[in-house]
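Summary of the model geometry
Below, each chain spelled out in residue letters.
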Amino acid sequence: HPPFGMPAKKWEQVSAFTAALPTRELPCVEWCAGKGYLSQELLTRGAATSSICLEIDPVLCRAGRTLASRAALPLSFVQTDVLGPSPLPPSVLAMPRASHVALHACGDLHRQMIQSAVKLGVAQVAAAPCCYHKHPARVDTARAGLTAECSSVPWRPLSEAARRSKLRFNYDDLKLAAVGECAAKRRDERLRAREVTWRLAFAAWHRRAYARVHRIGLRPQQKGTVPRVIDWTTASRLRSVPLPILSQGSSSSEITTGFRAFCEWAATRGSNSLPDQQAVLLALEQWSEKEAGSCLRIAEAQARRIARLELVRHAYRRPLELWLVLDLCLFLEEEGYNVELRQFCDKTISPRNLLELEIGEIAAMET
């Protein structure tokens, strides 16, 4: 059974990750630790002598300290931004002969961990990367003159071997490597499918609402009459809602309430980006179930087409993920580490199941 406070799925991932590591009498530094579940398991199994957890969220730090105190474990928390200018506290800098670990640290968080560990010359590095597209390095965003949230930031490999490759990616391209999903509950799968369809339906509804309010693409019902009917061929070419409306934000309550509630939620998202917020709100007041049904049918057809196209894209998902992980492995080999890449758990436990284990030359690999 999982320890107190640890979700069952997280416990399965932590247990599999810990079991894949060699048992060594080393202090541990856990990056992006959350509540320190991984450190708790390493200490309980005797795979670490002590642990320092690095975490940016003060609420998670407090919760982790409470759990560690309850279990009487030699575990401490440091609140820090690991992507900031001074990410590592003095307690970590003074402990080079340590094991640095990260389980599903997203995007450049795990890359920062690996680069920092190499600079310190630590004895062991163990990382299971996740969500490769998140948290672009601030040096890369500054170089490109873009914000950290911009998906067009160029991605830069760490290894010399990958840099010689002709492959070039931006952070948006890397989303493909993280689209695999573990087995979710059937209800969750249905809600996710509904949300995808409704986001597409909102885009269609938004175009129609904007066209009606601004009388764009109107055509006469009969020759010589006043234009009253919208020409949807013209309206369909109108600019849609911004992509963040279709891909970000939690809409779980609206998904179970109804499509109109979902449109009301989406209309309030990113108000500065919508072409005309007042026009959309006016269209909500003039809601038509018939028109909503038409938009839903359009979205269902789009969703089916997207699903077919993704079958082709997904053939490249695992190869891309392996390419990204091998870049990290090659970088560590170039820095003198003995590197092992393995799958530490089944994809039903976590689709991000690749573990990079690196042992420094100062310590031999246990067998």
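In case you missed it, the structure is sitting above this.
Being a predicted model, the structure only gives us computed values, none of them experimental.

Strand order in the open sheet made by the 7 strands is β3-β2-β1-β4-β5-β11-β10, with mixed pairing throughout. Edge strands, defined here as strands with exactly one partner in the open sheet, are β3 (75-79) and β10 (338-343). Strand-to-strand twist in this sheet, taken as the mean axis angle between neighbours without regard to direction, amounts to 15°. In the sheet, strand β1 (residues 28-30) pairs with strand β2 (residues 51-55) via 3 bridges, with the strands oriented parallel.

Our focus in this paragraph is the nonpolar core. In terms of nonpolar packing, the biggest core is built from 31 residues, with F17, L21, L42, V101 and F344 touching the most fellow members. For this core, the elements supplying multiple residues, two or more each, are α1 (8-19), α2 (37-44), α3 (58-71), β3, β4 (99-106), β5 (124-130) and β11 (354-359). Looking at which element gives the most residues to this core, the answer is α2, with 4 residues. Among residues more than four places away in sequence, those in contact with F344 are Q13, A16, F17, A20, L103, H104, A128, R352, N353, L354 and L355. Core analysis: the second largest hydrophobic core is formed by 30 residues, L83, A98, A102 and M113 among them.

One can describe the packing of α1 onto α2 by two numbers: an axis separation of 10 Å at closest approach and a directional angle of 50°. Taken together, the axes of α1 and α2 are oblique relative to one another. With respect to the hand of their crossing, α1 and α2 are arranged in right-handed fashion. Within the contact between the two elements, α1 uses K10, W11, V14, S15, F17 and T18 and α2 uses Y37, L38, E41 and L42. Partitioned by chemical class, the residues of the contact of α1 with α2 number 6 nonpolar, 2 polar and 2 charged.

Here we come to the environment of G64. If you trace the backbone, G64 turns up in helix α3. Judged by relative accessible area, which is 0%, G64 ranks as buried. With near-sequence residues (within four places) excluded, G64 lies in contact with K35 and F77.

With that settled, the discussion passes to the environment of R70. You can see R70 is positioned in helix α3. With relative accessibility at 52%, the residue R70 sits in the exposed group. For the pair R70 and F4, spaced 66 residues apart in sequence, the C-alpha separation works out to 9.4 Å.

Right, let's talk about unusual backbone geometry for a bit. At H104, a residue that is not glycine, the phi angle is positive and equals roughly 60°. Here H104 is to be found in strand β4. On the basis of relative accessibility, which here comes to 17%, the residue H104 falls in the buried class. The backbone phi angle of H135 is positive, close to 55°, even though this residue is not glycine. Along the polypeptide, H135 turns up in the loop between β5 and α6 (138-144).

Reading the values: rules and limits
Numbering of residues starts from 1 in each chain and follows the order in which that chain's sequence is written. pLDDT decides what is reported in this predicted model: residues at 70 or higher carry local features, side-chain atom pairs at 80 or more are listed and counted, and totals for whole chains, interfaces and linings draw on all residues regardless. Only heavy atoms go into the side-chain values, all of them from the structure, while hydrogens and water stay out. Whether two strands pair comes down to DSSP finding at least two bridges between them. Numbering of helices and strands starts at the N terminus; helices are DSSP runs of H or I of at least 4 residues and strands are runs of E of at least 2. Between N-to-C directions, angles span 0 to 180 degrees; the directions come from axes that are lines fitted to C-alpha atoms, helices contributing only their stretch in contact. Only buried residues count toward a nonpolar core. Its members are Ala, Val, Leu, Ile, Met, Phe, Trp, Tyr and Cys residues joined through side-chain atoms within 4.5 Å. Throughout this description, buried means an accessible area under 20% of the type-specific maximum (1.4 Å probe, protein chains only), exposed means over 50%, and partly exposed covers the range between. Whether two residues are in contact is decided by their heavy atoms: any pair within 4.5 Å suffices. The cut-offs work like this: below 35 degrees is roughly parallel, past 145 is roughly antiparallel, 65 to 115 is roughly perpendicular, and the gaps in between are oblique. Handedness of a crossing is defined here by the sense of rotation of the near helix relative to the far one, left-handed for an anticlockwise turn of less than a right angle and right-handed for a clockwise turn. In the scheme used here, Gly and all other residues not listed as nonpolar or charged are polar, with Ala, Val, Leu, Ile, Met, Phe, Trp, Tyr, Cys and Pro taken as nonpolar and Asp, Glu, Lys and Arg as charged.

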